[in-house]
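The primary structure of each chain is shown beneath.
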Amino acid sequence: MKLDRIIAFRNDRTVYRDGELCMKVFGASHKKSDVISEALNQTRIEEVGLRVPTVRSVSQIDGKWTIISDYIKGNTLASLMQANPEKKNEYLKLFTDIQLEMNQKSCLTLPRLDDRLRRRIIQTDYSATVRYDLCMRIEQLQRQLGLCHGDFVPENIIISDDGLWYVLDFPHLSEGDPAFDAANTYMLLVMEGDIEGAETYLELYCKKSNTDIEYVKKWLPIVAAARSLGSFESEREFLDKYVK
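Treat the numbers as computed from the prediction; the structure is a model and nothing was measured.

**Notes on the nonpolar core**
Then step 1. One finds Ile157, Val167, Tyr201 and Trp219 to be the most contacted residues of the largest nonpolar core, which totals 57 residues.
Then step 2. With eight residues, helix H6 (residues 178-191) is the single largest residue contributor to this core.
Then step 3. Once residues within four sequence positions are removed from consideration, Trp219 is found in contact with Leu117, Leu141, Gln142, Asp177, Ala179, Phe180 and Ala183.
Then step 4. Membership of the second largest hydrophobic core comes to five residues, among which are Tyr16, Met23, Val25 and Ile68.

**Observations regarding the pairing of strand S3 (residues 21-26)**
Then step 1. Counted residue by residue, S3 has five buried out of six residues, so it is predominantly covered.
Then step 2. Examined bridge by bridge, strand S2 (residues 13-18) and S3 share six bridges and lie antiparallel to one another. Paired with Arg17 across the strands is Cys22, a residue of S3.
Then step 3. Joining the antiparallel neighbours S2 and S3 is a turn of two residues, in which Gly19 adopts a positive phi near 65°.
Then step 4. As defined by bridge partners, S3 adjoins strand S5 (residues 64-70) across five bridges and the pair is classed as antiparallel. For Lys24, the partnering residue across the bridge sits in S5 and is Ile67.

What counts and how
Residues numbered from 1 in each chain as written. Predicted model: local features only at pLDDT ≥ 70, side-chain atom pairs only at ≥ 80, totals over all residues. Heavy atoms only, no water. Core = buried A, V, L, I, M, F, W, Y, C linked by side-chain atoms within 4.5 Å. Buried < 20%, exposed > 50% of the residue type's maximum accessible area, 1.4 Å probe, protein only. Helix = DSSP H or I, 4+ residues; strand = E, 2+ residues; numbered from the N terminus. Contact = heavy atoms within 4.5 Å. Pairing = 2+ DSSP bridges.

Dropping the structure here:
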């Protein structure tokens, strides 16, 4: 096993390639239970028919917990957008179609989105009044159930060399209202500075799913509050603007 070819790095997770396998190595801050939970999520989503790299094992490498799965040869949707800016709208349409296909599936053994959001909001340092109001909004907004990725961005989609797409990264997978997932993606794109892309994405998503844009935007304060937990100071200033 040779961990000398880094193919991705994010926070305290490093992804390596070893032949036909992919090693996602977690830093010391990640608990064993969280790593196993993410691998289980990836297996569950594969079982409901979504294309994901097949998990082969969960192990330790140099004392660090690691998810070992198939290596998918290709490029992320983010890198394709950067390399082919003239095709960005075409890629955003594909991106939206993939998310909608996922949102339309169901896996009732996953954690409930509303429970996860309430737990995170309760742990924030917003006032008791704000936290109570946000939790009540969750009750009012939760209308339907579907798979919610929780971190659905172009970096987490790989287009293989044979033209197939695969979804990556499942620590936040849950069963909940797909409008939350759209609001979360919209906010992540805005946070990356791609405001035009975020607006185009949201219009595409709402049109294709027959969802009112204003309904999706009602989730933004909840998304922002949940993401504020453990955020950097610069991110917190941005997120606070959405929390009302």
